[in-house]
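Here are the chains, one letter per residue:
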Amino acid sequence: SGGNAVDAATAISFALGVVEPSMSGLGGDGFYHVWDAKKKRSTVFNGTGPAPQNIQDIHFLSERMAVDGPLSVSTPGMVGGVSAMHKAYGSLCWAALCKPAVNLANDGFFVTHAYRSFVLASKRKLMNNCSSRLIFLDKDKIPLLGDKIVQLKLATTLNQLAEEGAESFYRGSLAEKITEDMKAAELIVAYDDLESFNPQTQESISVNYKGFEIRQTPPNSTGFVMLQELKIFEQFDVSSMSLESAELIHLMVESKKQAFLDRERFGGDPLFVDIPIDDLLSDSHAVELAKKI
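In this text, all values refer to a predicted model and were calculated from it rather than measured experimentally.

Caption draft 1: Quick peek at the overall build of the chain. In terms of helices and strands, the chain carries 13 helices and 7 strands. Along the first, second and third principal axes, the C-alpha set of the chain runs to 55 × 45 × 45 Å. Expressed as a percentage of its 293 residues, the buried residues of the chain come to 39%. The long-range fraction of contacts in the chain, counting pairs at least 24 apart against all pairs at least 6 apart in sequence, stands at 67%. Carbon and sulfur atoms make up 55% of the accessible area of the chain, which amounts to about 17,000 Å² in all. The average position of the 28 basic charges and that of the 37 acidic charges among the side chains of the chain differ by 5 Å.

Dropping the structure here:
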């Protein structure tokens, strides 16, 4: 419709939140990485929400982090990240880019194999919540291929988001409605968490791999892991190895394992922990890790 890549990414982000209920939703997070060809620079719009401010007041029954249920929910940052990206680079109006998602939620989308897999894996969770049970199941059963999933309340939310913008999601009437629902669902995310959230604008990180500059999202993303994998893998001569050989696969897997060990050591939020990103992406570190393979 005459827009640019950022307009497309904005519209797609909201549409995915409708048709991929297992991920990508308004309650989630995201990193949005934009290359500006004119300025020859890339910018990352970090829409990852922090833990709720009163998380320290919660006494956990175990030392493990909750992976589902009310205690697993962080402050939603996706809407803020997409909005920041759109404000910086979008050319079409915000409302027009939200409308396709509104229509998908209102009119419904057809059940796919991927959707059925999601419901099969998550049926217990969906059954435990009255709203999810009514929306995503068909009389407590997995919907058939081609059935329609209609989400009228989500359409209402998206329509208000289209009309009032992201500010309403965090510091307006939409934020107040969301807060009421979060409280009813026994989440510890509160209005103050929404109100205080602002997306970060960051520089990307990069390495040189065989003459190519490869850029990634910086911490608190663990994008550095992929860059490390490339740096480690680059230490080996693979020109004589066939594409599907055990030797080549071994090197790729082991490179990934070494990088993921650093992910466990150093992955975190730079506002709270020190992440030696220059050292992690250095040639000398890649050489040392390659020696362990």
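Caption draft 2: The arrangement of the nonpolar core in detail. F14, L26, V79, Y115, L158, L161 and F169 are the most contacted members of the largest nonpolar core, which totals 40 residues. At the level of elements, α1 (5–19), β1 (30–36), α2 (78–89), α3 (94–107), α4 (113–127), α6 (152–164), α7 (166–171) and α8 (173–184) are the ones that each hand at least two residues to this core. If sequence neighbours within four positions are ignored, L26 has contacts with F14, P76, M78, V79, L154, T157, L158, L161 and F169.

Caption draft 3: Local environment of unusual backbone geometry. The residue after P219, namely N220, is reached through a cis peptide bond having omega 20°. For N220, the location among the structural elements is in the loop between β7 (212–216) and α10 (224–233). For K40, which is not a glycine, the phi torsion comes out positive at approximately 55°. Along the chain, K40 turns up in the loop between β1 and β2 (41–47).

Caption draft 4: Broad picture of α8. The end-to-end C-alpha distance of α8, which contains 12 residues, comes to 17 Å, matching closely the 16 Å that a straight helix rising 1.5 Å per residue would cover. Tucked inside the fold, the buried residues of α8 contact α6, α7 and α9 (191–196). Backbone geometry just downstream of α8 places E186 in the positive-phi region, at approximately 65°.

Caption draft 5: Here's a closer look at the state of the cysteines. Counted by the stated rule, this structure contains 0 disulfides. Its sulfur unpaired, C93 is 8.8 Å from the next cysteine sulfur, which belongs to C98. Residue C98 is classed as buried on the basis of its relative accessible area of 0%.

Caption draft 6: Just the packing of aromatic side chains, in detail. A complete count under the given rule lists 7 aromatic pairs for this structure. For the pair F14 and W94, a centre-to-centre distance of 5.3 Å together with 85° between the ring planes defines the contact as edge-to-face. You can see F14 sitting in helix α1 and its partner W94 sitting in helix α3, a full 80 residues away along the chain. For the pair F14 and W94, one class covers both residues: buried. Each residue in the set F109, Y115, F118 and F136 is aromatic and connected to the rest through ring pairs, giving one cluster.

Caption draft 7: Summary view of the layout of surface pockets. In this structure, the second largest pocket encloses a volume near 180 Å³. Contributions of two or more residues to the lining of the second largest pocket are made by α1, β1 and α2. Here the lining of the second largest pocket gets 5 residues from one element, more than from any other, and that element is β1. Tallied by class, the residues present in the lining of the second largest pocket amount to 8 nonpolar, 3 polar and 1 charged.

Caption draft 8: Focus on the packing of α1 against α3. Contact geometry for α1 and α3: axes closest at 8 Å, N-to-C directions at 25°. Of the possible angle classes, the one that applies to α1 and α3 is roughly parallel. Relative to α3, the crossing made by α1 is right-handed. Residues D7, T10, A11, F14, A15, V18 and V19 of α1 lie in contact with α3, whose contacting residues are W94, L97, C98, A101, L104 and A105. For the contact of α1 with α3, the per-class residue count stands at 11 nonpolar, 1 polar and 1 charged.

Caption draft 9: Layout of the packing of α10 against helix α13 (residues 283–290). Put simply, α10 and α13 touch, their axes get as near as 8 Å, and they point 70° apart. In this view, α10 runs roughly perpendicular relative to α13, as classed from their interaxial angle. Crossing handedness for the pair α10 and α13: right-handed. In contact with Q228, K231 and I232 of α10, α13 contributes D283, H285, A286, L289 and A290.

Caption draft 10: Summary view of a nonpolar patch on the surface. On the surface, I249, M252 and V253 cluster together into a nonpolar patch covering about 240 Å² of accessible area. Assignment of secondary structure puts I249 in helix α11 (residues 246–266). Assessed through its relative accessible area of 40%, I249 is described here as partly exposed.

Criteria and thresholds
Going along each chain's sequence as written, the residues are numbered from 1 onward. For a predicted model such as this one, the threshold for reporting local features is a pLDDT of at least 70, and the threshold for listing and counting side-chain atom pairs is 80 or more; totals across whole chains, interfaces and linings nevertheless cover every residue. The basis for every side-chain value is the complete set of non-hydrogen atoms in the structure, without hydrogens or water. The way it works is that DSSP assigns letters per residue, a run of H or I at least four long becomes a helix, a run of E at least two long becomes a strand, and they are numbered from the N terminus. Under the scheme applied here, a residue whose accessible area is under 20% of the maximum for its type counts as buried, over 50% as exposed, and between as partly exposed, the area being computed with a 1.4 Å probe on protein chains only. Contacts are assigned to residue pairs with any non-hydrogen atoms lying within 4.5 Å of each other. Using a 1.4 Å probe, the Shrake-Rupley method yields the accessible areas, and only the shown protein chains count as cover for residues. All tallies of charge rest on Lys and Arg as positive and Asp and Glu as negative; His and the ends of each chain are not included. In this description, the location of a charge corresponds to atom NZ of lysine, CZ of arginine, CG of aspartate or CD of glutamate. Think of a nonpolar core as a cluster: buried Ala, Val, Leu, Ile, Met, Phe, Trp, Tyr and Cys residues, connected wherever their side-chain atoms sit within 4.5 Å. In a helix, the anticipated span is given by 1.5 Å times the number of residues less one. In what follows, a disulfide is any cysteine sulfur pair within 2.5 Å. Centres within 6.5 Å make a pair out of two Phe, Tyr or Trp rings, where for Trp the six-membered ring is used; the pair is then stacked when the planes are under 30 degrees apart, edge-to-face when over 60, and tilted otherwise. The distinction between a cavity and a pocket rests on a 1 Å grid over the protein atoms alone: a 1.4 Å probe fits inside a cavity but cannot get out, while a pocket stays open yet meets protein on both sides within 12 Å along at least five of seven lines, and a residue with an atom within 4 Å of a point counts as lining. Grid points are joined across faces, edges and corners, and a volume is the space filled by probe spheres set on the points. Each residue is assigned to one class: nonpolar for Ala, Val, Leu, Ile, Met, Phe, Trp, Tyr, Cys and Pro, charged for Asp, Glu, Lys and Arg, and polar for all the others, Gly among them. Orientation is described by lines fitted to C-alpha atoms, with helices fitted over the stretch in contact, and by angles between N-to-C directions that extend from 0 to 180 degrees. Just so you know how the angles are binned, under 35 degrees is roughly parallel, over 145 roughly antiparallel, 65 to 115 roughly perpendicular, and the rest oblique. Crossings are assigned a handedness: left-handed for a near helix turned anticlockwise from the far helix by less than a right angle, right-handed for a clockwise turn. Two joining distances apply to patches: 9 Å for like charges and 5 Å for nonpolar side chains (Val, Leu, Ile, Met, Phe, Trp, Tyr), and every residue must have over 30% relative accessible area and no salt bridge. Criterion for a salt bridge: a side-chain nitrogen of Lys or Arg within 4 Å of a carboxyl oxygen of Asp or Glu.

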